[in-house]
Amino acid sequence: RCAGPGFIISDFLFRAMTRRRQYREVANLLQGVVNVLEHFNKYMGISQIRQLSERVKAAQNELGQQILADFEEAFPSQGTKRPGGPSNVLRDACLVANVLDPRIKQEIIKKFIKQHLSEYLVLFQENQDVAWLDKIDRRYAWIKRQLMDYEEKYGRMFPQEWCMTERIAVEFCHVTRTELAKIMRTRAKEIEVKLLLFAIQRTTNFEGLMAKRFSGCTLADGTVKKAELPPPSTNPFLEDESGTETDETVIEKGDIDRPKKPKAPDNPFHGIISKCFEPHLYVYIESQDKNLGELIDRFVADFKAQGPPKPNVDEGGAVLPSCADLFVYYKKCMVQCSQLSTGEPMIALTTIFQKYLREYAWKILSGNLPKTTSSSGGLTITSLLKEKEGSEVAKFTVEELCLICSILSTAEYCLATTQQLEEKLKEKVDASLMERINLTGEMDTFSIVISNSIQLLVQDLDAACDPALTAMSKMQWQNVEHVGDQSPYVTSVILHIKQNVPIIRDNLASTRKYFTQFCIKFANSFIPKFINHLFKCKPISMVGAEQLLLDTHSLKMVLLDLPSIGSQVVRKAPASYTKIVVKGMTRAEMILKVVMAPHEPPVVFVDNYIKLLADCSTDTFQKILDMKGLKRSEQSSMLELFRQRLPAPPSGVENTSSMSLMAPTPEQESSRIRKLEKLIKKRL
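Owing to the predicted nature of the structure, the values given are computational and were not obtained by experimental measurement.

1. So, the overall build of the protein
- Scanning the protein from terminus to terminus reveals 23 helices and zero strands.
- The long-range share in the protein, meaning contacts at least 24 apart out of those at least 6 apart in sequence, stands at 80%.
- When the accessible surface of the protein is totalled, it reaches about 35,500 Å², and 53% of it is carbon and sulfur.

Spelled out as structure tokens, the structure:
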């Protein structure tokens, strides 16, 4: 009962002040009325309360239309009429709009911004010269002037919480994006990569200025999360990206994995205009494809013109400078493209990267590995005796060995840097696209180059030793009358090892694990080949076997010392390598020990063979008998006895032609072996 008269009085005052446009007083009164009505919401079933509420709503609608009309008169949609300064009436009207239906406020903002940007749409029409990309700076210069003009004339007219300056700038961005997309579709054939990059750079710079000036509170979602610095990261690729990187941004070798500062918070305005360039980034991708193709061709031409890099022993082998140049260019492209887009264009650029990583691996690295030639003819004992240091048995020159090591080192650098590149690309691209970035195939390609390089080094040294082993197998070992110094073929093998290994070691000093791989692969290749040639030495007299045992021990000691041979710094050989040499060369010694043992009585000989050689293969036993020079009739009975004396295989294991038995202990070495070792030590 009390509310009715109060509302009538308020309604009378409200309408009177509205007619006189006393908007400040209206705003205060209206806020009070609205607050009171909120308390009566639960009583809307009462007709009087409902009628009063409807009268207030009608008055609000009338007031809203009046305020809109006032703004339309002050800022007409048509024409260029504009008041010279702010209006106090309109300023107070904005206070009223805050209390009215939100659509009134939105309509005021929409009409004002539309009128404020009407000149822009005329000046930069699609058919105007200033509308094209080469004059894109003029667009941003125009909005800067307009914002300054707004602040000066109308900055106090609108409430601060309306963020009108930001709203004008954001609407300008939306309009500009639409207009640029339209004109680029029309004139797509005129877009060149330099022009596109120029426009994108200027646009992203402007978006950066927007982020510095505005909070982004007026963007679509209406909320802006408080920027938080990311936690400290252990990622070696972290870099300072707070500033704008230019085309001159480059990295040196190793810079790609340098620790960087935490990434700055994201720019809420990033892409608000520059998104329109994304459909045309194929121009940029095609340009990078062309540029990288020319870069690879230049690398090939430079290598042919300048030749292989000079040996760089002090730094552990020379990495080809072209690989650093390639990844410098990759880093530049990656940063540049990520500033343009973090979507599909980054995937397209990754595909281009993959293409030229493979081309670099095959054209620059594999394509420049020295080619192997056919093995030279076998040597005779006479030629080995005459062989001197510096002979041309090894196929590769010192320069070629250094080149192989350089290519190996370069491939290792490319392998490591490609892995880092993949990680960095995943950081730059949208999270939804990360799984599509995979450079495993390219890393495998560089691994193949490394493996091929090591294999070439092994084959070269292995082939250099072949003539010596061939000469060993052709010697008349049954005619040797006394044990002397090491045989000429041993001297030849040692000579080649001393020629090649120090060069390889010094040029792979920075990639020690691959030098170890080289040593292991050489041992795994040379030792079985040496044993095979040992079986070809037949028949062998007792003295001949002793000489071969002396030679075998000499080779064993050299092989054990191979990783540090010719080095002033003696370093213990890796255990994995030592194990291979000891196992292989001990087998060779045991073969000779069995050959030296008398074959009578046969049972003792067979048991001794099984115990010492740890090989139950009838083929191996047959070769031992051939080395001893036994007749076929004697061999038949021996083979039959051998089969009878073989230990039974464990239950559940099928019988095979070869079984592995426990290797002999050091205590099982014969007195003859110990005497020979003393002879070797005395000679050394």
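2. Considering the packing of aromatic side chains
- Scanning all chains against the criterion turns up 22 aromatic pairs.
- Aromatic side chains Phe-327 and Tyr-330 sit 5.9 Å apart centroid to centroid with 80° between the ring planes, which places their arrangement in the edge-to-face category. Taken together, the residues Phe-327 and Tyr-330, both in helix α11 (residues 321–340) and three residues apart, mark about one turn of the helix. The residues Phe-327 and Tyr-330 share a single accessibility class, namely buried.
- Among the aromatic residues, ring-to-ring pairing joins Tyr-120, Phe-124, Tyr-140, Trp-142, Phe-172 and Phe-206 into one connected group.
- Stacked on the ring of Trp-132, the Lys or Arg Arg-187 has its end atom at 4.0 Å from the ring centre.

3. What about the side chain of Glu-207?
- Inspection of the secondary structure assignment puts Glu-207 in helix α9 (residues 193–213).
- Arg-177 provides the closest opposite charge to the buried, salt-bridge-free Glu-207, at an N-O distance of 7.6 Å.
- Discounting chain neighbours no more than four positions away, the residues touching Glu-207 are Asn-267, Phe-269, His-270, Gly-271, Ile-272, Ile-273 and Ser-274.

4. Concerning unusual backbone geometry
- Between Lys-538 and Pro-539 the backbone carries a cis peptide bond, its omega angle lying at -10°.
- Looking at the secondary structure, you find Pro-539 in the loop between α17 (512–535) and α18 (542–560).
- A positive phi angle, close to 50°, is found at Cys-163, a residue other than glycine.
- Among the secondary structure elements, Cys-163 is positioned in the loop between α7 (136–154) and α8 (164–186).

5. Observations regarding the confidence of the model for the protein
- Summing up the model confidence of the protein, the mean pLDDT is 78 and the portion of residues at 70 or higher is 71%.
- A low-confidence stretch, residues 1–9 (pLDDT under 50), is modelled with eight contacts involving residues beyond four sequence positions or located in other chains.
- Contacts of residues 374–392 to residues separated by more than four positions or lying in other chains number 24 contacts, the stretch itself having pLDDT below 50.

6. Regarding the pattern of salt bridges
- One pass over the full model with this rule turns up 21 salt bridges.
- The closest approach of N and O atoms between Asp-129 and Lys-135, which form a salt bridge, is 3.2 Å.
- Residues Arg-298 and Asp-302 are paired through a salt bridge, measuring 3.7 Å at the closest nitrogen-oxygen approach. With Arg-298 and Asp-302 both in helix α10 (residues 282–306) and four residues apart, this pair spans about one turn of that helix.
- According to the relative accessible area criterion, Arg-298 is partly exposed, its value standing at 42%.
- Asp-302 sits in the partly exposed class, given a relative accessible area of 30%.
- Connected through salt bridges with shared partners, the residues Asp-129, Asp-134 and Lys-135 form a single ionic network.

7. A short note on the packing of helix α20 (residues 602–613) against helix α21 (residues 618–628)
- Where α20 contacts α21, the axes come no closer than 12 Å and their chain directions differ by 120°. With respect to α21, the axis of α20 lies oblique. Considering the relative orientation of α20 and α21, their crossing is right-handed. Listed contacts from α21 to Phe-605, Val-606, Tyr-609 and Leu-613 of α20 are Thr-620, Phe-621, Ile-624, Leu-625 and Lys-628.
- Here the contact of α20 with α21 is composed, by residue class, of seven nonpolar, one polar and one charged.

Reading guide: rules and limits
Residues numbered from 1 in each chain as written. Predicted model: local features only at pLDDT ≥ 70, side-chain atom pairs only at ≥ 80, totals over all residues. Heavy atoms only, no water. Helix = DSSP H or I, 4+ residues; strand = E, 2+ residues; numbered from the N terminus. Contact = heavy atoms within 4.5 Å. Areas by Shrake-Rupley, 256 points an atom, 1.4 Å probe, with all protein chains shown as cover. Phe/Tyr/Trp six-rings, centres within 6.5 Å; stacked < 30°, edge-to-face > 60°. Buried < 20%, exposed > 50% of the residue type's maximum accessible area, 1.4 Å probe, protein only. Lys NZ or Arg CZ within 6 Å of the ring centre and 35° of its normal. Lys, Arg positive; Asp, Glu negative; His and termini not counted. Salt bridge = Lys/Arg side-chain N within 4 Å of Asp/Glu carboxyl O. pLDDT = per-residue confidence, 0-100. Axes fitted to C-alpha atoms, helices over the stretch in contact; angles between N-to-C directions. Parallel < 35°, antiparallel > 145°, perpendicular 65-115°, else oblique. Left-handed = near helix turned anticlockwise from the far one by under 90°. Nonpolar A, V, L, I, M, F, W, Y, C, P; charged D, E, K, R; others polar.

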